Amino acid sequence: MEKIKNKVCNIFIDDSYRSFNKALNEVNGTTNKNINEIYDMVLVISDENVYKTQLNKFIDSLGAKFVSEYIVPAGEESKCLDTFQKILEHAIKAGLTRKSLIIAVGGGVIGDLAGYVASSYMRGIDFVQVPTTLLAQVDSSIGGKTGINLGTYKNVIGAFYQPKFTFINVSALRTLPDDQFRNGMSEVVKYGFIYDYEFINYLLENSEEILDKIDSTLKYIVKKCAGIKAHVVEMDEKEGGLRKILNFGHTFGHGVEKLCHIAHGEAVSIGMNMAFKLSLRKNLITKEYYDKFLNICKVFNLPTEFEGASEQEVLSIMKTDKKNSFSKVNMILPLEHGKVDLFNDVDDETILEIIKECKYA
């Protein structure tokens with residue numbers, strides 16, 4: 001088991017669930033206690049897909065006497081007020097107390113939803129992230145962002161609420177279908193372009209092992225991305241400055257994700273392409289750098305274009321992004337190798353032109 005620890009984040013990376021209780025003891029400052037000596041009850045929140053492939057393995061390794069499960073339908077639609085309320089009602093009926101633990105086992109949707117439940121129940125109880133998708137392992141399970149959607153407004157309800165720790169089992173990635181794995185690779189690629197350009201070269205040089213889901217290679221890329229995310233969060237937990245770089249591709253991407261009903265990672269990939277195109281137009285980057293981005297998208301089969309929505313509709317969603325301020329659309333754009341920055345001076349006409357360029361002809 002490998003560890004990434006700082007003042008804000010506790011992350012453990014392994015290739016099974018066997019060391020979960022060891023991690024639990026470490027963050028609680030105890031030695032060789034079982035989970036029943038630390039918590040009076042555990043509520044595991046997951047979705048239907050994870051229930052079929054991972055949940056029994058995890059619960060068997062847990063060794064908890066009093067475990068309640070709440071399984072939601074897979075997909076973004078579960079991140080809503082109705083599901084949030086139903087889980088809270090379930091927690092009350094199950095008898096969860098302030099000495100209970102909530103564990104999210106699944107992808108980003110489950111982590112966001114369960115984290116917000118934990119932050120709200122009895123004004124906040126302990127919470128652990130057990131991400132099972134690549135996207136969640138490298139990004140969404142780390143940093144304490146929790147939330148649910150309200151109609152077309154993504155994550156507009158939520159809280160910064162840090163998990164006690166994040167426990168990552170990279171072998172869970174073997175159960176992912178190719179489209180789900182690709183969904184996570186967009187966030188992996190993002191880290192290279194925002195923080196560590198040499199990582200882009202590593203991804204290209206080791207693409208076959210990554211796509212073959214070799215454990216040692218997956219552990220390396222997960223640890224690399226999780227380490228970057230943890231460092232950024234430690235420096236800027238509440239997204240007042242540096243943490244905004246993690247939104248690269250997201251402002252453009254959220255509109256496409258919502259309107260075209262595609263996966264989050266695919267939308268981020270398309271959003272990064274829009275950001276690259278805009279930087280190229282503003283002469284912030286070279287054509288060679290943009291071509292490097294297009295090449296890595298081709299290698300990992302990441303989308304760069306969309307269909308099914310007008311550019312005006314996409315812009316309208318962009319303007320509802322909670323990260324905007326003073327009626328300006330805040331966008332993270334690439335500047336140079338492994339560097340990005342925030343821009344809010346781009347006019348609507350230019351944004352519309354960039355969006356149109358990324359639509360299928």
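Residues numbered from 1 in each chain as written. Predicted model: local features only at pLDDT ≥ 70, side-chain atom pairs only at ≥ 80, totals over all residues. Heavy atoms only, no water.

**Q** Which residues make up the overall build of the chain, and what are the values?
**A** Within the chain, the regular secondary structure consists of 16 helices and eleven strands. For 361 residues, the compact-globule estimate of 2.2 N^0.38 gives 21 Å, and the chain sits close to it at 20 Å. When burial is assessed residue by residue, the chain has 58% of its 361 residues classed as buried. If you take every contact in the chain between residues at least 6 apart in sequence, the share linking residues at least 24 apart comes to 74%. (Helix = DSSP H or I, 4+ residues; strand = E, 2+ residues; numbered from the N terminus. Rg over C-alpha atoms; globule rule 2.2 N^0.38 Å. Buried < 20%, exposed > 50% of the residue type's maximum accessible area, 1.4 Å probe, protein only. Contact = heavy atoms within 4.5 Å.)

**Q** Quick one: what's the story with the pattern of salt bridges, residue by residue and with numbers?
**A** This model, assessed by the stated rule, comprises 22 salt bridges. In this structure, Glu187 engages Lys190 in a salt bridge whose closest nitrogen and oxygen atoms are separated by 2.9 Å. With a gap of three residues between them, Glu187 and Lys190 both fall in helix 8 (residues 178–194), about one helical turn apart. The pair formed by Glu187 and Lys190 is uniform in burial state, with each residue classed as buried. (Salt bridge = Lys/Arg side-chain N within 4 Å of Asp/Glu carboxyl O.)

**Q** Before we move on, can you summarise helix 15 (residues 311–318) with the specific residues and values?
**A** All of the buried residues along helix 15 are Glu311, Val314, Leu315, Ile317 and Met318. Axial view of helix 15: buried residues confined to an arc of 160°, hence all on one face. On the buried face of helix 15, the contacting elements are helix 12 (250–260), strand 10 (331–336) and helix 16 (348–357). (Arc of directions from axis to C-beta.)

**Q** Talk me through the packing of helix 9 (residues 197–205) against helix 14 (residues 287–299); I want residue IDs and the actual numbers.
**A** Two quantities define a packed helix pair, namely the angle between the helix axes and the distance between the axes. Across the interface, helix 9 lies against helix 14 with an axial gap of 11 Å and an inter-helix angle of 40°. The angle between helix 9 and helix 14 places the two elements in the oblique class. Here helix 9 runs over helix 14; the crossing is left-handed. Contacts from Tyr197, Ile200, Asn201, Leu203 and Leu204 in helix 9 reach Tyr289, Lys292, Asn295, Ile296 and Val299 in helix 14. Of the residues contributing to the contact of helix 9 with helix 14, the split by class is seven nonpolar, two polar and one charged. (Axes fitted to C-alpha atoms, helices over the stretch in contact; angles between N-to-C directions. Parallel < 35°, antiparallel > 145°, perpendicular 65-115°, else oblique. Left-handed = near helix turned anticlockwise from the far one by under 90°. Nonpolar A, V, L, I, M, F, W, Y, C, P; charged D, E, K, R; others polar.)

**Q** Can you tell me about the nonpolar core, naming the residues and giving the values?
**A** The biggest cluster of nonpolar side chains holds 72 residues, and the ones touching the most others in it are Met185, Leu203, Phe252 and Phe306. No other element matches helix 11 (residues 215–235), which puts nine residues into this core. Non-local contacts of Leu203, meaning those with residues more than four positions away in its chain, are made with Met185, Val188, Val189, Ile210, Ile221, Ile296 and Phe300. Counting 25 residues, the second largest nonpolar core, distinct from the first, contains Tyr17, Val27, Val44 and Ala64. (Core = buried A, V, L, I, M, F, W, Y, C linked by side-chain atoms within 4.5 Å.)

**Q** Lay out the sheet that holds strand 4 (residues 67–72) with the relevant residues and their values.
**A** With mixed pairing, seven strands are arranged side by side in an open sheet as 1-2-9-6-5-3-4. At either end of the open sheet lies a strand with only one pairing partner, and these are strand 1 (2–5) and strand 4. With direction set aside, neighbouring strand axes in the sheet form an average angle of 20°. With four bridges joining them, strand 3 (residues 42–47) and strand 5 (residues 101–106) adopt parallel strand pairing. Looking at strand 5, one finds that Ile45 is bridged to Ala104. (Pairing = 2+ DSSP bridges.)

**Q** Tell me about the environment of Gly271, residues and numbers included.
**A** Relative to the elements of secondary structure, Gly271 occurs in helix 13 (residues 264–281). Classification of Gly271 as buried rests on a relative accessible area of 0%. For Gly271 and Phe248, which are 23 residues apart along the polypeptide, the C-alpha to C-alpha distance reads 7.8 Å. Once residues within four sequence positions are removed from consideration, Gly271 is found in contact with Gly249, Phe252 and Gly253.

**Q** Which residues make up the packing of helix 12 against helix 15, and what values go with them?
**A** The interhelical angle for the contact between helix 12 and helix 15, taken along N-to-C directions, is 115°, at an axis separation of 8 Å. Along this stretch, helix 12 crosses helix 15, giving a crossing that reads as right-handed. Contacts between helix 12 and helix 15 involve Thr251, Phe252, His254, Gly255, Val256 and Leu259 from the former and Glu313, Val314, Ile317 and Met318 from the latter. A per-class count over the contact of helix 12 with helix 15 returns six nonpolar, three polar and one charged.

**Q** For the environment of Ile13, give the residues involved together with the corresponding values.
**A** Residue position: Ile13 is located in strand 2 (residues 10–14). Spatially, the C-alpha atom of Ile13 lies 6.2 Å from that of Phe167, the residues being 154 residues apart in sequence. Filtering out sequence-adjacent residues up to four positions away, Ile13 remains in contact with Met1, Glu2, Ile4, Ile168, Val170, Lys219, Val222 and Lys223.

**Q** Pulling in residues and values, what's your account of the packing of aromatic side chains?
**A** Tallied over the entire structure, the rule returns 17 aromatic pairs. An angle of 15° between the planes, with centres 6.5 Å apart, marks the rings of Tyr290 and Phe293 as stacked. Here the residue Tyr290 and the residue Phe293 both occupy positions in helix 14, the gap between them amounting to three residues, near one helical turn. Taking relative accessible area as the criterion, Phe293 reaches 0% and is therefore assigned buried. Chaining the aromatic ring pairs together yields one cluster made of Phe193, Tyr197, Phe248, Phe276, Tyr289, Tyr290 and Phe293. Geometry around Tyr191 places Lys190 over its ring, the cationic atom sitting 5.0 Å from the centre. (Phe/Tyr/Trp six-rings, centres within 6.5 Å; stacked < 30°, edge-to-face > 60°. Lys NZ or Arg CZ within 6 Å of the ring centre and 35° of its normal.)

**Q** Requested: an account of a nonpolar patch on the surface, with residues and values cited.
**A** On the surface, a nonpolar cluster with roughly 350 Å² of combined accessible area is contributed by Leu81, Leu150, Tyr153 and Val156. Tracing the backbone shows Tyr153 in strand 8 (residues 153–160). (Patch = residues over 30% accessible without salt bridge, like charges linked within 9 Å, V, L, I, M, F, W, Y side chains within 5 Å. Areas by Shrake-Rupley, 256 points an atom, 1.4 Å probe, with all protein chains shown as cover.)

**Q** Go over the pairing of strand 3 with me, naming the residues and quoting the values.
**A** Among the six residues in strand 3, six count as buried, and that is most of the element. Side chains Val42, Val44 and Ser46 of strand 3 all project onto a buried face; the interleaved residues Leu43, Ile45 and Asp47 project onto the opposite face, where all are buried too.

The values reported here are purely geometric and, on their own, carry no functional implication.
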